[in-house]
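Residues per chain are reported as follows:
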Amino acid sequence: LTGVGLLLGFVIMTIWVLALLASSLFVSYYIGSLVLQKRAKNALLVALVGGLILGILCMMPIINILVIVITLFLGVGMQIMHLKYQFGKDPYTITS
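Each value, and the rule that gives it
- Residues numbered from 1 in each chain as written.
- Predicted model: local features only at pLDDT ≥ 70, side-chain atom pairs only at ≥ 80, totals over all residues.
- Heavy atoms only, no water.
- Axes fitted to C-alpha atoms, helices over the stretch in contact; angles between N-to-C directions.
- Helix = DSSP H or I, 4+ residues; strand = E, 2+ residues; numbered from the N terminus.
- Parallel < 35°, antiparallel > 145°, perpendicular 65-115°, else oblique.
- Contact = heavy atoms within 4.5 Å.
- 1 Å grid on protein atoms, 1.4 Å probe; cavity = no way out; pocket = protein on both sides within 12 Å on 5 of 7 lines; lining within 4 Å.
- Points joined across faces, edges and corners; volume = space filled by probe spheres on them.
- Nonpolar A, V, L, I, M, F, W, Y, C, P; charged D, E, K, R; others polar.
- Expected span 1.5 Å × (residues − 1).
- Buried < 20%, exposed > 50% of the residue type's maximum accessible area, 1.4 Å probe, protein only.
- Arc of directions from axis to C-beta.
- Polar contact = N/O pair within 3.5 Å; in protein donor to acceptor, adjacent residues only side chain to side chain.
- Bend = angle between axes of the 7 residues up to and from the residue.

## Considering the packing of helix α1 (residues 2-36) against helix α2 (residues 43-59)
In step 1: At their nearest, the axes of α1 and α2 sit 7 Å apart, and the two run at 100 degrees to each other. With respect to their mutual orientation, α1 and α2 come out roughly perpendicular. Residues Ser 24, Val 27, Ser 28, Tyr 29, Ile 31, Gly 32, Ser 33, Val 35 and Leu 36 of α1 touch α2, and the partners they reach there are Ala 43, Val 46, Ala 47, Val 49, Gly 50, Gly 51, Ile 53 and Leu 54.

This is the structure:
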């Protein structure tokens, strides 16, 4: 039983770390979409603009801690909302 719990804890911790790492990508895309407001059709360009803004904010000495904490919480929240939206849909049904 201890081995199962250890393995389960390792898997959950790995998923959590990956979610924290990916949170900046979600926030970068969100900030880029706020700045560009439907002017850019390319998702990579939108994410790069948002990432540039986040990068500049993270270089400021006092603001960087606040930006990082907000980015982590907001990004993980966006991921959870996206998973809820993605898997909360009704399964495919065949109508006659």
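## Points about the layout of surface pockets
In step 1: As a volume, the largest pocket reaches approximately 150 Å³.
In step 2: Taken together, Ile 12, Ile 15, Trp 16, Leu 18, Ala 19, Val 76, Gln 79, Ile 80 and Leu 83 form the lining of the largest pocket.
In step 3: At the level of secondary structure, the elements contributing two or more residues to the lining of the largest pocket comprise α1 and α3 (63-87).
In step 4: Sort the elements by how many residues they give to the lining of the largest pocket and α1 lands first, with 5 residues.
In step 5: Its residues assigned to classes, the lining of the largest pocket shows 8 nonpolar, 1 polar and no charged.

## A word on α2
In step 1: Between the first and last C-alpha of α2 there are 24 Å, a value that for 17 residues agrees with the 24 Å anticipated at 1.5 Å per step.
In step 2: The set of residues buried in α2 consists of Val 46, Gly 50 and Leu 54. Seen along its axis, α2 keeps its buried residues to an arc of 65 degrees; they face one direction. Seen from the buried face of α2, the exposed residues on the opposite side, beyond 90 degrees, are Leu 44, Leu 48, Leu 52 and Met 59.
In step 3: Those residues of α2 hidden inside the fold are in contact with α1 and α3.
In step 4: You can read the cap of α2 off the contacts: a side-chain oxygen lies 3.2 Å from the backbone nitrogen of Leu 44, and it is on Asn 42.

## Comments concerning α1
In step 1: For α1, spanning 35 residues, the distance from its first C-alpha to its last is 51 Å, which sits close to the expected 51 Å at 1.5 Å a residue.
In step 2: Ala 22 marks the point of greatest bend in α1, at about 30 degrees.
In step 3: For α1, every residue scored as buried is listed here: Ala 19, Ser 23, Val 27, Ser 28, Ile 31, Gly 32 and Leu 36.
In step 4: Just beyond α1, the residue with positive phi is Gln 37, at close to 45 degrees.

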